[in-house]
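Chain and residue survey
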Amino acid sequence: MTRIRLPGLIDVHVHLREPGFTHKEDFLSGTQAALAGGIVTVLDMPNTSPPTITPEALLAKARLAAAKAVSDVGLFVGATDTDGYVPCAPRAAGLKVYVNETFGSLRIDSLPTLMRIFRQWPGPGPITVHAEGIALAACLTLTRLYDQRLHVCHVAHAADIRLIAQAKAKGAQVTCEVTPHHLFLTQEDLPRLGPLGDMRPRLGTSADRDALWEHLDIIDCFATDHAPHTLEEKRGESPPPGVPGLETMLPLLLTAAHEGRLTLDGIVERLHHNPARIFGIPLDPETWTEVDLDARYTLGDSPLHTRCGWTPFAGMSVTGRVTRVALRNEIVFQDGVVLAQPGTGRVLFGATEATANPTG
Ligand code: NCD
Ligand code: ZN
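What this report covers is the structure whose coordinates are included nearby. (Residues numbered from 1 in each chain as written. Chains lettered and ligands numbered in written order. Predicted model: local features only at pLDDT ≥ 70, side-chain atom pairs only at ≥ 80, totals over all residues. Heavy atoms only, no water.)

Remarks on the coordination of the zinc ion (ligand 2)
- Binding of the zinc ion (ligand 2) to the protein goes through His13 (NE2), His15 (NE2) and Asp225 (OD), at separations of 2.0 to 2.1 Å.
- If you look at the zinc ion (ligand 2), its 4 donor atoms make angles of 88 to 149° with each other, and the shape they trace is irregular.
- Along the chain, the residues donating to the zinc ion (ligand 2) are arranged with the sequence spacing H-x1-H-x209-D. Of this pair, histidine 13 sits in strand S2 (residues 9–14) while aspartate 225 sits in the loop between strand S10 (221–222) and helix H9 (231–234), and the two are 212 residues apart along the sequence.
- On the accessibility criterion, histidine 13 (0% relative accessible area) is buried. (Donors = N, O, S within 2.8 Å, 3.2 Å for Na, K, Ca; no water. Tetrahedral: all angles 85-135°; square planar, octahedral: opposite > 155°, others 65-115°. Helix = DSSP H or I, 4+ residues; strand = E, 2+ residues; numbered from the N terminus. Buried < 20%, exposed > 50% of the residue type's maximum accessible area, 1.4 Å probe, protein only.)

Looking at the pairing of S2
- Within S2, 6 of the 6 residues are buried, which leaves the element mostly enclosed by the surrounding structure.
- In terms of handedness, the path from S2 via helix H1 (residues 27–36) over to strand S3 (residues 39–44) forms a crossover that is right-handed. (Right-handed = clockwise from strand over helix to strand, strands pointing away.)

Notes on the sheet that holds strand S4 (residues 72–75)
- The 3 strands lie next to each other as S2-S3-S4, forming an open sheet whose pairing is parallel. Each edge of the open sheet is held by one strand with a lone partner, namely S2 and S4. With strand direction ignored, the average angle separating the axes of adjacent strands in the sheet is 20°.
- Of the strand pairs in this sheet, S2 and S3 are connected by 4 bridges, and their pairing is parallel. Across the sheet, residue isoleucine 10 finds its bridge partner in S3, namely threonine 41. (Pairing = 2+ DSSP bridges. Axes fitted to C-alpha atoms, helices over the stretch in contact; angles between N-to-C directions.)

Let's talk about helix H5 (residues 158–169)
- If you check H5, its first and last C-alpha atoms are 17 Å apart, about what 12 residues at 1.5 Å a residue would give, namely 16 Å.
- Taken together, the buried positions of H5 are Ala158, Asp160, Ile161, Ile164, Ala165 and Ala167.
- Trailing H5 by a residue or two, glycine 171 shows a phi angle of about 90°, which is positive. (Expected span 1.5 Å × (residues − 1).)

Examining the packing of aromatic side chains
- Applying the stated criterion across every chain yields a total of 3 aromatic pairs.
- Taking 5.8 Å as the distance between ring centres and 85° as the angle between the ring planes, the aromatic pair formed by phenylalanine 76 and phenylalanine 279 counts as edge-to-face. Placement of phenylalanine 76 in the loop between S4 and strand S5 (77–78) and of phenylalanine 279 in helix H11 (residues 264–279) is noted, with a sequence separation of 203 residues between them.
- The ring of tryptophan 213 has arginine 261 sitting right over it, with the charged end atom 4.2 Å from the ring centre.
- Of note, arginine 321 hangs over the ring of tyrosine 297, and the distance from its end group to the ring centre comes to 4.1 Å. (Phe/Tyr/Trp six-rings, centres within 6.5 Å; stacked < 30°, edge-to-face > 60°. Lys NZ or Arg CZ within 6 Å of the ring centre and 35° of its normal.)

Considerations on the nonpolar core
- Within the largest apolar cluster, 96 residues are counted, with the highest numbers of intra-cluster contacts made by Leu35, Val97, Leu150, Val152, Phe222 and Leu250.
- When residues in this core are grouped by element, the largest group, 7 residues, is from helix H10 (residues 249–258).
- Leaving out residues up to four positions away in the same chain, valine 152 has contacts with Val129, Ala131, Leu136, Ile164, Val174, Thr175, Cys176 and Glu177.
- With 15 residues, the next largest nonpolar core counts Leu43, Met45, Phe76 and Ala93 among its residues. (Core = buried A, V, L, I, M, F, W, Y, C linked by side-chain atoms within 4.5 Å. Contact = heavy atoms within 4.5 Å.)

Printed below as a string of structure tokens:
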């Protein structure tokens, strides 16, 4: 048994579904899943109901998170075709812009609106985009034109990672994340998974997956895009895209490290140092995740903490288990059990503070 400690791990892309979709997940179940997966900080996306696009919605969501979360939580605000999100900027992890279609209503599909968003966003968090293909190329251009920082979500396809590699080579202020499902699954898994393998961006070919592994040096962060939907919804008439991932990401990455496809330092770089730098997340030396590098088991065999209760990785054998997690020197997870009480987690970026004078 080889137990080692990793510093506090950060997942910069999760959907904890509260408010509005708490039958899928909420701040308690979602952050319990985070701790079980060895993650102590999550950045939550704005496609809730109501969407997080006003100071009021951000404050209301922050209060829910402060009362319930067992891990730390930062909140994104969502771009709309009005500038309502701008006053929230200082208290948000970043601005999320949906340029491609996905679950929820926050889609930006006009170039003038996209240009206005890039012109107006005051930071300090980056403009964070779901953009594939042409939409990604447009965002890379606007980043340069308006001197913004761009973070590209869930890069999934060979053409997109190559585009980002080119942009980085030219000195663009761009960073990116890749999900475990795009690193470990492909379209070849779809006959087996059916709707449980459907998400945005869609699973790529094995050539897409291989291109992501070949461009590891271009990938700044691993992020789950944890997007739980119930089994009933996934097996229903019009299944929503999205898959959970918080409890399976670290075991999958540790397995890749065990196989020599990645180093432990490479994991820490992409789940700790880079996310903290890109999003301005404070680090704490007494926050850590202990893993047993030798533990072998099958994903999905023990119950999950996520409310949706399933994983697209069920049946995959892995090497590497989360054994303990400490948050600010308090043991919050041990041997499969979440010990932290609701409210142990902190809400980042001052989002719980009154927003009457948000820039003050
Ligand atoms: C996400 C969701 O369900 O909220 N779905 C997905 O397939 N990734 C939306 C998103 O992140 O785009
Ligand atoms: Zn997402």
